[in-house]
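Spelled out from the first residue to the last, the chains are:
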Amino acid sequence: MNIDVVEILKECEALLEGHFLLSSGKHSNRYCQCAKLMQYPDKTERVISIVADKVKNLNIDVVVGPAMGGITAAYELGRQLGVRAIFTERENNIMTLRRGFEIKPGEKILIMEDVVTTGKSSMETVKVLENLGGEVIGLGCIVDRKASEINLPIYSAVELEFETYEANNCPLCKSGSTPIKPGSRKFSV
Ligand code: ZN
């Protein structure tokens, strides 16, 4: 089974190429918004099946998705693996497990994200789950941007490196184009 994840992401405009102003203030040649993929359960199922294949023999007890991006991805992965899927969320800016969700001591956990960039929120999630006695065995994601320093195995559907530039030293700006802010009302492909 050969699934072209990049092709699927482009089809649903989850992956755009051009000249973008990121929320960090940097400019980039690519932009990824996995929510656009997850509009389509059938496409999401195909993409996440790649991750499911990689982790199916790890005896995972529960998949945990950090909100917002991880919720749908974790749910679909949990569905394919036949295990529980829950999520963490921020309360007063602190990552936490709410809503009566529980982790039993020793449970094997896979964290599932949409996109992993720096891995900061993933690491916050790891701490929360380990404090509850869980054993985090890895990090699943749809897109691994290969920019994280996470000390856990990463199981991605696709690896995509983005070129990012400081706003005052952007070759795309120098070539005369203007960056577009993704998600803005004027934004179109
Ligand atoms: Zn630029």
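Located above this text is the structure these notes cover.
Remember, it's a predicted structure, so these values are computed and weren't measured experimentally. Counting starts from 1 at the beginning of each chain's written sequence and moves along it residue by residue. Residues qualify for local features only when their pLDDT is at least 70, as the model is predicted, and side-chain atom pairs are given and counted only at 80 or more; totals for whole chains, interfaces and linings, by contrast, use all residues. The basis for the side-chain values is all heavy atoms of the structure; hydrogens and waters are excluded.

1. Some thoughts on the coordination of the zinc ion
As a benchmark, a tetrahedral metal site with four donors has ideal angles of 109.5 degrees, while an octahedral site with six donors has ideal angles of 90 or 180 degrees. Within the first shell, the zinc ion binds the protein through His 19 (NE2), His 27 (ND1), Cys 170 (SG) and Cys 173 (SG), at distances of 2.0 to 2.5 Å. A donor here means an N, O or S atom no more than 2.8 Å from the metal, or no more than 3.2 Å when the metal is Na, K or Ca. Since water is not included, a site may seem to lack partners. Labels for metal geometry use angle windows, namely 85 to 135 degrees for all angles of a four-donor tetrahedral site, and for square planar (four donors) or octahedral (six donors) sites opposite donors over 155 degrees apart plus all others within 65 to 115; sites meeting none of these are irregular. Considering all four donor atoms around the zinc ion, the spread of angles at the metal, 94 to 115°, places the coordination shape in the tetrahedral class. For the zinc ion, all donor residues lie on one chain, and their spacing in sequence is H-x7-H-x142-C-x2-C.

2. Things to note about helix H5 (residues 120–131)
The secondary structure listing takes helices from DSSP runs of H or I that are at least 4 residues long and strands from runs of E that are at least 2 residues long, numbered from the N terminus. Given a helix with a known number of residues, its expected span is that number minus one, times 1.5 Å. With twelve residues, H5 ought to run about 16 Å at 1.5 Å a step, and its terminal C-alpha atoms sit 17 Å apart, in line with that. For every residue, the accessible area obtained with a 1.4 Å probe (protein chains only) is divided by the maximum for its type, and the residue is called buried under 20%, exposed over 50%, and partly exposed between those limits. Those residues of H5 that fall on the buried side of the exposure criterion are Ser 122, Thr 125, Val 126, Val 128 and Leu 129. Taken around the axis of H5, the buried residues stretch over an arc of 165°, which confines them to a single face. Along H5, the residues that are exposed and aim more than 90 degrees away from the buried face are Lys 120, Lys 127 and Asn 131. Contacts are assigned to residue pairs that have any heavy atoms within 4.5 Å of one another. For H5, the secondary structure elements touched by its buried residues are strand S3 (62–66), strand S4 (84–91), strand S5 (94–96), strand S6 (108–116) and strand S7 (135–144). Positive phi shows up at Gly 133, right after H5, with a value of about 100°. Directions from the helix axis toward the C-beta atoms define the arc.

3. Some details on the sheet that holds strand S2 (residues 27–32)
With respect to topology, three strands assemble into an open sheet ordered S1-S2-S9, the strand pairing being antiparallel. Every interior strand has two partners, whereas the edge strands, strand S1 (15–21) and strand S9 (164–165), have only one. Paired strands, as defined in this entry, are two strands with at least two bridges between them according to DSSP. When S2 meets S9, the two strands line up antiparallel, connected through two bridges. In the sheet register, His 27 faces S9, and the bridge partner there is Tyr 165.

4. A few points about the sheet that holds S5
Spatially, six strands are ordered S5-S4-S3-S6-S7-S8 in an open sheet, and the strand pairing comes out mixed. Both outer strands of the open sheet, S5 and strand S8 (154–159), are each paired with one neighbouring strand and no more. For this sheet, the mean inter-axis angle between neighbouring strands, taken without regard to orientation, is 25°. Here S7 pairs with S8 via five bridges, running parallel. Note on geometry: axes are lines fitted to C-alpha atoms, helical ones only across the stretch in contact, with angles between N-to-C directions running from 0 to 180 degrees.

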